[in-house]
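Here is how the chains run, residue by residue.
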Amino acid sequence: MNDWIKLSIDIDPSHVDIWSDTFLDQGAACVDVADASEGSADEVPIFGEPGEDHQFFWHTTRVSALFEPAPNKDWSEWLRKQASRLDLPAPHCTLAFVDNQDWVTLTQAQFQPIRISSRLWIIPSWHQPAHPEAINLIVDPGMAFGTGTHPTTQLCLRWLDQNIQPHQTVLDYGCGSGILAIAAAKLGAKEIKGVDIDPTSLVVAQQNAQANQVSLETLLPEQLPLNSVFDCVVANILANPLRALAPLLSQHVAPHGTLLLSGLWREQAGEIAEHYKTYGFDLKLTDSEEGWALLVGTKNNLSSSVIK
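These numbers were taken from a predicted model, which means no experiment stands behind them.

1. Some details on the packing of aromatic side chains
Next, step 1: Enumeration over the complete set of coordinates arrives at eight aromatic pairs.
Next, step 2: The interplanar angle of 90° and the centroid separation of 5.9 Å between the aromatic rings of Phe 23 and Phe 67 together place this pair among those described as edge-to-face. One end of the pair, Phe 23, is in helix H1 (residues 16–25); the other, Phe 67, is in strand S3 (residues 61–67), with 44 residues separating them in the sequence.
Next, step 3: Take Phe 67: its relative accessible area is 4%, and that puts it in the buried class.
Next, step 4: The ring of Trp 75 is capped by Lys 73, whose NZ or CZ atom sits 4.2 Å from the centre of that ring.

Okay, here's the thing in structure tokens:
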């Protein structure tokens, strides 16, 4: 039996919020927004950076809503009445039937264990580790960035796996879910701090640390002592924040300590590396994946090797 009606409209981006709110007010179970050209050669990816002037929706944006079935309901007429009430053009709609499903199980099925290296895995909590003897990071998708699926997270994890030394101190700046800090702890680091501007992320990071049975101190940026230094500082954020945070991040790297930067595109790496020279780093592109880059360098210009 078909248990849901999926109603989709293609509209001007300026009308996205009002139509989304209207659908929810009229009983929609959920609403999603996508590129109307998704899946075609005209599809346009949108990547946001703080401070950048970019469009927040696509030139033609598709808004879809799930409604409970209503026998004999004329959805086109219903949509026309809603548009008239909103004083907006009546958009054309398409309807599809969606089978009722166990959405929790369906969502969980999208997240499988991820192998980072021969000894390091990311395991959602509903999976049993395939290799119990490995270093398994128990992390579920949730309200903070860092499930392990994004290339920048995997770039940082690979470097930590290969380079972190027992008893080193680590600062994860912009920690999100805490996955990088937790990995550092499981790899032997002795003092690990996670900093994030989002209080919710700090709660999530603490919950993940407890699930992994490691100790992690989480702080808002203003709570981190300015004179605290670390053997390794990792920041997986975005290019613009990394540029702005250069004086602060540099200050927290101990003499001869290591700085890892990711969350930036490969074509942005050169400009960011040049910017950090002012602060005593000769950052090198040491790894990249799917166009994303990892920059690594040691304080006082003792840098790591370069990837060609």
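2. A closer look at the pairing of strand S9 (residues 191–195)
Next, step 1: Within S9, four of the five residues are buried, which leaves the element mostly enclosed by the surrounding structure.
Next, step 2: Relative to S9, strand S8 (residues 169–173) is paired through five bridges, and the arrangement is parallel. Paired with Tyr 173 across the two strands is Val 195, which belongs to S9.
Next, step 3: Of the pairings in the sheet, the one linking S9 to strand S10 (residues 217–219) comprises three bridges and is parallel in character. Paired with Val 195 across the two strands is Leu 219, which belongs to S10.
Next, step 4: Read from S9 through helix H6 (residues 199–211) to S10, the crossover connection turns out right-handed.

3. Observations regarding the nonpolar core
Next, step 1: If you look at the biggest cluster of nonpolar residues, it comprises 36 residues, and the most contacted ones within it are Ile 122, Leu 137 and Leu 157.
Next, step 2: At seven residues, helix H5 (residues 179–186) tops the list of elements feeding residues into this core.

4. Observations regarding the packing of H1 against helix H2 (residues 75–86)
Next, step 1: Where H1 meets H2, the closest approach of the two axes is 12 Å, and the angle between their N-to-C directions is 125°. One way to sum up the angle between H1 and H2 is to call them oblique. Two packed elements cross with a definite hand, and for H1 against H2 that hand is right-handed. Facing Ile 18, Trp 19, Thr 22 and Phe 23 of H1, the residues of H2 in contact are Trp 78, Leu 79, Gln 82, Ala 83, Arg 85 and Leu 86.
Next, step 2: Of the residues contributing to the contact of H1 with H2, the split by class is seven nonpolar, two polar and one charged.

5. Digging into H2
Next, step 1: Taking 1.5 Å per residue, twelve residues should reach 16 Å; H2 reaches 16 Å between its end C-alpha atoms and fits that length.
Next, step 2: Looking at H2, one finds that the buried residues are Trp 75, Trp 78, Leu 79, Gln 82, Ala 83 and Leu 86. The buried residues of H2 occupy an angular sector of 135° when the element is viewed end-on, so they sit on one face. Structural note: H2 exposes Lys 81, Ser 84 and Arg 85 on the side pointing more than 90 degrees away from its buried face.
Next, step 3: N-capping of H2 is provided by Asp 74, with a side-chain oxygen placed 3.2 Å from the backbone N of Ser 76.
Next, step 4: Positive phi appears at Asp 87, one or two residues downstream of H2, with a value of about 60°.

6. What about the sheet that holds strand S7 (residues 135–138)?
Next, step 1: The three strands are arranged S5-S6-S7 in an open sheet whose pairing can be described as mixed. Strands with a single pairing partner mark the edges of an open sheet, and in this sheet they are strand S5 (114–115) and S7.
Next, step 2: Across the sheet, H5 lies against strand S6 (120–123) and S7, angled at about 150° from S7, the strand it touches most.

7. Concerning the sheet that holds strand S13 (residues 284–289)
Next, step 1: Pairing is mixed in the open sheet, where seven strands are placed in the order S10-S9-S8-S11-S12-S14-S13. Each edge of the open sheet is held by one strand with a lone partner, namely S10 and S13. Mean inter-strand twist for the sheet, computed between neighbouring axes without regard to direction, equals 20°.
Next, step 2: Helix-sheet contacts for H6 involve S9 and S10, and the interaxial angle to S10 is about 175°.

8. A word on the environment of Glu 43
Next, step 1: Among the structural elements, Glu 43 can be located in the loop between strand S2 (30–35) and S3.
Next, step 2: Setting aside residues no more than four positions away along its own chain, Glu 43 makes contact with Asp 35, Ser 37 and Glu 38.

9. Focus on helix H4 (residues 151–163)
Next, step 1: Look at H4: 18 Å from first C-alpha to last across 13 residues, which is about the 18 Å you get at 1.5 Å a residue.
Next, step 2: The buried fraction of H4 amounts to ten of the 13 residues, a majority that puts the element mostly inside the structure.
Next, step 3: Listing the buried residues of H4 in full gives Pro 151, Thr 152, Thr 153, Gln 154, Leu 155, Cys 156, Leu 157, Trp 159, Leu 160 and Asp 161.

10. Structural notes on the pattern of salt bridges
Next, step 1: Taken as a whole and judged by the stated rule, the model has ten salt bridges.
Next, step 2: One salt bridge connects Asp 161 with Arg 119, and the closest N-O pair in it is separated by 2.6 Å. In this pair, Asp 161 is assigned in helix H4 and Arg 119 in the loop between S5 and S6, connecting sequence segments 42 residues apart.
Next, step 3: For the salt bridge of Arg 158 with Asp 287, the shortest nitrogen-to-oxygen distance reads 3.1 Å. Residue Arg 158 is found in helix H4, and its partner Asp 287 is found in strand S13; the two are separated by 129 residues along the sequence.
Next, step 4: For Asp 287, a relative accessible area of 18% corresponds to the buried category.
Next, step 5: One salt-bridge network, held together by shared partners, links Arg 158, Asp 287 and Glu 289.

The rules behind each value
- Residues numbered from 1 in each chain as written.
- Predicted model: local features only at pLDDT ≥ 70, side-chain atom pairs only at ≥ 80, totals over all residues.
- Heavy atoms only, no water.
- Phe/Tyr/Trp six-rings, centres within 6.5 Å; stacked < 30°, edge-to-face > 60°.
- Helix = DSSP H or I, 4+ residues; strand = E, 2+ residues; numbered from the N terminus.
- Buried < 20%, exposed > 50% of the residue type's maximum accessible area, 1.4 Å probe, protein only.
- Lys NZ or Arg CZ within 6 Å of the ring centre and 35° of its normal.
- Pairing = 2+ DSSP bridges.
- Right-handed = clockwise from strand over helix to strand, strands pointing away.
- Core = buried A, V, L, I, M, F, W, Y, C linked by side-chain atoms within 4.5 Å.
- Axes fitted to C-alpha atoms, helices over the stretch in contact; angles between N-to-C directions.
- Parallel < 35°, antiparallel > 145°, perpendicular 65-115°, else oblique.
- Left-handed = near helix turned anticlockwise from the far one by under 90°.
- Contact = heavy atoms within 4.5 Å.
- Nonpolar A, V, L, I, M, F, W, Y, C, P; charged D, E, K, R; others polar.
- Expected span 1.5 Å × (residues − 1).
- Arc of directions from axis to C-beta.
- Polar contact = N/O pair within 3.5 Å; in protein donor to acceptor, adjacent residues only side chain to side chain.
- Salt bridge = Lys/Arg side-chain N within 4 Å of Asp/Glu carboxyl O.

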